[in-house]
Amino acid sequence: MSTAQHIITIAMIVLGTMLTRFIPFIAFPSDKPTPKYIQYLGKVLPAAVIGLLVVYCFKDVRLTSGSHGIPELIGAVIVVVLHFWKKNMFISIAAGTIAYMFLVQMVF
Amino acid sequence: MNKVTMENSVNQAKVLPAFRVALPATIPIFAGFTFLGIAYGILMNSLGFSAIYPILMSLLIFAGSMEFVAANLLLMAFNPLNALLLTLMVNARHLFYGISMLEKYRGVGKKKPYMIFGLCDESFAINSTATIPPQIDKGWYMFFVTVLNHFYWVFGAALGGIFGSYLTFNTEGLEFVMTALFIVIFIEQWMKEKGHHSSLIGLGLSVLCLILFGGTNFIIPAMIAILGVLTLMRSTLQKDEVKAV
């Protein structure tokens, strides 16, 4: 690809990304009443989408090959247990990440 | 004081406190984005792109996973329509972020277009679940979360693009910091909410779709399934809400 073609390709990616971000706000402008159904979605979607995001983080894990997702599972369990126990965001994140780094660097 | 200077001082009184509360909330993002940004910069460097590519792409696209995909797109045959369609598919989840933030972003003024521009996974996750102290201006808080995240990402990409090849510390696995952050945000929300229907629907249907469709194709089916089930359960979930109130 030439530099001009690079620029066009990147511009298309910027356009695509911005479409996905701006469409809801253009479709439902704040000066008009938002349909009840969309208001309902606005209330119940965030919790569901955070669930989707958690799963999204594990999308490249292969259970049948490599380390079989074991380091990811151990790291996640450490985060979950520590967070329900101590409720301290920094401890949970730091301990889970350090454990995961140790596992992928030294063990697997 | 005339009207303009009064408005300025009122604004200043809102801005700094909001920044002070937003900054610590974004520390895990600082760690994650700097690392991922460096990885992205190094990748672009190794593919033969000058540092200006990762810097401008992180600044203008600001969608991490899509930028890694974009690195490969730039090496393939020129096909702009394909690039656009692929971007719409990969980033379709942003539509959900927008719908979720319609109410929260209401009335934040001139900051709104930028906040929509910067509505990435991490800004959404923090801003949609944050418990903002009542004395803090919510608009400025969400604005600073967005700006700081954007800055960390560009900073990391610039570091990686410029100095990436000199890095010696073994950072393998540091990307898990983002996974850990999302898990923590999920649990925080879990402990706050009265009913767990929505959280469980999101988690369960996403796992199901990941198993059925695989890592590269599961997001859109998962979104459709989540929309479908939430729509079917509308009357039940709304009754719950009325009871809770």
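Residues numbered from 1 in each chain as written. Chains lettered and ligands numbered in written order. Predicted model: local features only at pLDDT ≥ 70, side-chain atom pairs only at ≥ 80, totals over all residues. Heavy atoms only, no water.

Chain B carries the name Azaleucine resistance protein AzlC in an unreviewed UniProt entry, which gives Ornithinibacillus sp. 4-3 as its organism. According to the UniProt record, the Subcellular location (unreviewed entry) comment for chain B is "Cell membrane". (UniProt positions renumbered as here; feature names shortened; annotations may be inferred.)

An unreviewed UniProt entry lists chain A under the name Branched-chain amino acid transporter permease, from Ornithinibacillus sp. 4-3.

### Overview of the overall build of chain A
Within chain A one finds four helices and zero strands. Put simply, chain A runs from its N terminus to its C terminus through helices and strands in the order α-α-α-α. Compactness check: chain A gives a C-alpha radius of gyration of 21 Å against a globular reference of 13 Å for 108 residues, more than 25% above the reference. Its C-alpha atoms put chain A at 55 × 50 × 30 Å along the principal axes. Residue burial in chain A is summarised as follows: out of 108 residues, 46% are buried. Carbon and sulfur atoms form 72% of the exposed surface of chain A, whose accessible area is close to 5500 Å². (Helix = DSSP H or I, 4+ residues; strand = E, 2+ residues; numbered from the N terminus. Rg over C-alpha atoms; globule rule 2.2 N^0.38 Å. Buried < 20%, exposed > 50% of the residue type's maximum accessible area, 1.4 Å probe, protein only. Areas by Shrake-Rupley, 256 points an atom, 1.4 Å probe, with all protein chains shown as cover.)

### Focus: the pattern of salt bridges
All names here are of chain B. In total, this model carries four salt bridges over all chains according to the counting rule given. Residue Lys14 pairs with Asp137 through a salt bridge whose shortest N-O separation is 3.7 Å. With Lys14 in helix H1 (residues 3-25) and Asp137 in the loop between helix H8 (121-129) and helix H9 (138-163), this pair connects stretches of sequence that are 123 residues apart. Assessed through its relative accessible area of 22%, Asp137 is described here as partly exposed. A salt bridge links Glu103 to Arg106, with the nearest nitrogen and oxygen atoms 3.3 Å apart. Glu103 sits in the partly exposed class, given a relative accessible area of 42%. The exposure class of Arg106 is partly exposed, given its relative accessible area of 32%. (Salt bridge = Lys/Arg side-chain N within 4 Å of Asp/Glu carboxyl O.)

### Notes on the interface of chain A and chain B
At the junction of the two partners, chain A supplies 66 residues and chain B supplies 93 residues. Our enumeration of links across chain A and chain B arrives at zero salt bridges. On inspection of chain A and its partner chain B, the count reaches 17 residue pairs in polar contact (both at pLDDT 80 or more). The element that contributes the greatest number of residues to the side of chain A that touches chain B is helix H2 (residues 36-57) of chain A, accounting for 22 residues. Grouping the amino acids of the side of chain A that touches chain B by side-chain chemistry returns 42 nonpolar, 18 polar and six charged. (Contact = heavy atoms within 4.5 Å. Polar contact = N/O pair within 3.5 Å; in protein donor to acceptor, adjacent residues only side chain to side chain. Nonpolar A, V, L, I, M, F, W, Y, C, P; charged D, E, K, R; others polar.)

### Let's talk about unusual backbone geometry
Residues and elements named next belong to chain A. Although it is not a glycine, His68 sits at a positive phi angle of roughly 60°. Within the secondary structure layout, His68 lies in the loop between H2 and helix H3 (70-86). Given the relative accessible area of 39%, His68 is considered partly exposed. Here the phi dihedral of Lys87 falls at roughly 55°; this positive angle occurs in a residue that is not glycine. Its location among the elements puts Lys87 in the loop between H3 and helix H4 (89-107).

### Overview of H2(A)
Residues and elements named next belong to chain A. An ideal rise of 1.5 Å per residue puts 32 Å on 22 residues; H2 measures up with 32 Å between its terminal C-alpha atoms. The largest bend in H2 comes to about 45°, at Leu45, with the proline Pro46 one to four residues further on. Among the 22 residues of H2, 17 are classified as buried, and the element is accordingly described as predominantly covered. (Expected span 1.5 Å × (residues − 1). Bend = angle between axes of the 7 residues up to and from the residue.)

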